[in-house]
Amino acid sequence: MFNNIPPITRNLIIINIVVFIAAYLIPLLDLNLTGFYPFSPNFKSWQIITHMFMHGSIMHILFNMFTLFSFGPILEQSLGDKKYLILYFLSGLGAFFLFNLWNFIEIQQLISQLEEMKVDVSEIYSKSDLRTYGYSETIYLDQPLSRSLYEGLTGGMVGASGAIFGVIAAFATLYPEAKIGIMFIPIPVKVKYVLPVVVIGSVYLGLTGNVGGIAHLAHVGGAIVGFILAKIWKKHLYRFN
């Protein structure tokens, strides 16, 4: 069955699985490949790309790869190899940009508040370098704002879901009448109804801080890029003329 998956989708799944296993076996890879806040001492330029192949758990990668397996082959056939790859990577970049744009706003607010309180922000930045200090459960625990800044600088983004949401959004844009099964809902639902609910929910959870360890705004960023690209390409696909 795996050999019957179109080549781009198959290779994306393989890369995701290999990176997941490698990061699990070699902890330093996890630190180097995860997408950190761009002004964090833990950020490296290549993380802009590598973060979109990272996953936080077995269930995370299983869900994402099943989603890619479900929607990817159809998009790969419809869009062609080049556009499909562009969709995946630009969606991942869109996820990284929106997530960190919101991070930038929140972190700048924290810095302003801490500077008003005469807190040495440079010390927090220094001790946020995980390669030197590692994770600490005690650093700045007595100061909520300092702790929030520390967590913002050391919280990595495992952003494969951003690229996957771009794939889902593109599929929903090109095939709005397609029906998909959803857990706990007994009948298939048209994908054009599912996507707006998911995006609106992600925006709410991301902006209110009810994230539960999930980068909801990254999902939104990926979905926005996927939607825009699909709208641009849709008019040029022969089957939609």
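This is a predicted model, so every value here is computed, not measured. (Residues numbered from 1 in each chain as written. Predicted model: local features only at pLDDT ≥ 70, side-chain atom pairs only at ≥ 80, totals over all residues. Heavy atoms only, no water.)

Caption draft 1: Local environment of the packing of aromatic side chains. The final tally for this structure, using the stated rule, is eight aromatic pairs. Between Phe71 and Phe171, the aromatic rings sit 4.7 Å apart at their centres with planes inclined by 50 degrees, giving tilted as the arrangement. Of this pair, Phe71 sits in helix H4 (residues 58-79) while Phe171 is found in helix H9 (residues 160-174), placing the two residues 100 residues apart along the sequence. The pair formed by Phe71 and Phe171 is uniform in burial state, with each residue classed as buried. Feature note: the residues Tyr37, Phe39 and Phe104 constitute an aromatic cluster, connected by ring pairs. (Phe/Tyr/Trp six-rings, centres within 6.5 Å; stacked < 30°, edge-to-face > 60°. Helix = DSSP H or I, 4+ residues; strand = E, 2+ residues; numbered from the N terminus. Buried < 20%, exposed > 50% of the residue type's maximum accessible area, 1.4 Å probe, protein only.)

Caption draft 2: Representation of unusual backbone geometry. Unlike most non-glycine residues, Lys118 shows phi in positive territory, near 65 degrees. Tracing the backbone shows Lys118 in the loop between helix H5 (81-116) and helix H6 (121-127).

Caption draft 3: Representation of the layout of surface pockets in the model. Computed from the structure, the second largest pocket encloses a volume of approximately 220 Å³. Pro27, Asp30, Leu31, Thr34, Phe36, Leu130, Gly134, Tyr135, Thr154, Gly155, Gly156 and Val158 are the residues that line the second largest pocket. For the lining of the second largest pocket, the element with the highest residue contribution is helix H2 (residues 27-33), accounting for three residues. The residue makeup of the lining of the second largest pocket, split by class, is six nonpolar, five polar and one charged. (1 Å grid on protein atoms, 1.4 Å probe; cavity = no way out; pocket = protein on both sides within 12 Å on 5 of 7 lines; lining within 4 Å. Points joined across faces, edges and corners; volume = space filled by probe spheres on them. Nonpolar A, V, L, I, M, F, W, Y, C, P; charged D, E, K, R; others polar.)

Caption draft 4: Local environment of the environment of Val191. Along the chain, Val191 falls in helix H10 (residues 191-208). Given a relative accessible area of 2%, Val191 falls into the buried group. Distance from Val191 to Phe171, taken between C-alpha atoms, is 8.4 Å for residues 20 residues apart in sequence.

Caption draft 5: Quick look at H4. The end-to-end C-alpha distance of H4, which contains 22 residues, comes to 30 Å, matching closely the 32 Å that a straight helix rising 1.5 Å per residue would cover. Gly72 marks the point of greatest bend in H4, at about 40 degrees, and the proline Pro73 comes within the next four residues. What H4 keeps buried is the set Ile61, Asn64, Met65, Thr67, Leu68, Phe71, Gly72, Pro73, Leu75, Glu76, Ser78 and Leu79. Immediately downstream of H4, the backbone of Gly80 shows phi near 95 degrees, a positive value. (Expected span 1.5 Å × (residues − 1). Bend = angle between axes of the 7 residues up to and from the residue.)

Caption draft 6: Local environment of the environment of Ala23. Mapped onto the elements of the fold, Ala23 is located in helix H1 (residues 7-25). Counting along the chain gives 31 residues from Ala23 to Met54, while the straight-line C-alpha distance between them is 8.3 Å. Sequence-distant contacts of Ala23, that is, excluding residues within four places in its chain, are made with Leu29, Asp30 and Met54. (Contact = heavy atoms within 4.5 Å.)

Caption draft 7: Region of the structure containing a nonpolar patch on the surface. A surface patch of nonpolar side chains, amounting to about 650 Å² of accessible area, comprises Ile17, Ile21, Tyr24, Leu25, Ile26 and Leu28. Per element, the largest residue contribution to the nonpolar patch is four residues, and it comes from H1. Structurally, Ile26 is set in the loop between H1 and H2. (Patch = residues over 30% accessible without salt bridge, like charges linked within 9 Å, V, L, I, M, F, W, Y side chains within 5 Å. Areas by Shrake-Rupley, 256 points an atom, 1.4 Å probe, with all protein chains shown as cover. Salt bridge = Lys/Arg side-chain N within 4 Å of Asp/Glu carboxyl O.)

Caption draft 8: Representation of the pattern of salt bridges within the structure. Taken as a whole and assessed by the stated rule, the structure comprises two salt bridges. Glu123 is the partner of Lys127 in a salt bridge, and the nearest nitrogen-oxygen pair spans 3.1 Å. Taken together, the residues span about one helical turn, with Lys127 and Glu123 both in helix H6 at a distance of four residues. Among the ionic pairs, Glu151 bridges to Arg147, the shortest N-O distance being 3.3 Å. You can see Glu151 and its partner Arg147 sitting in helix H8 (residues 144-154), four residues apart, about one turn around the helix.

Caption draft 9: The arrangement of the environment of Thr67 in detail. Secondary-structure assignment places Thr67 in helix H4. The residues touching Thr67, leaving out its near neighbours within four places in the chain, are Gly72, Ile164 and Ile168.

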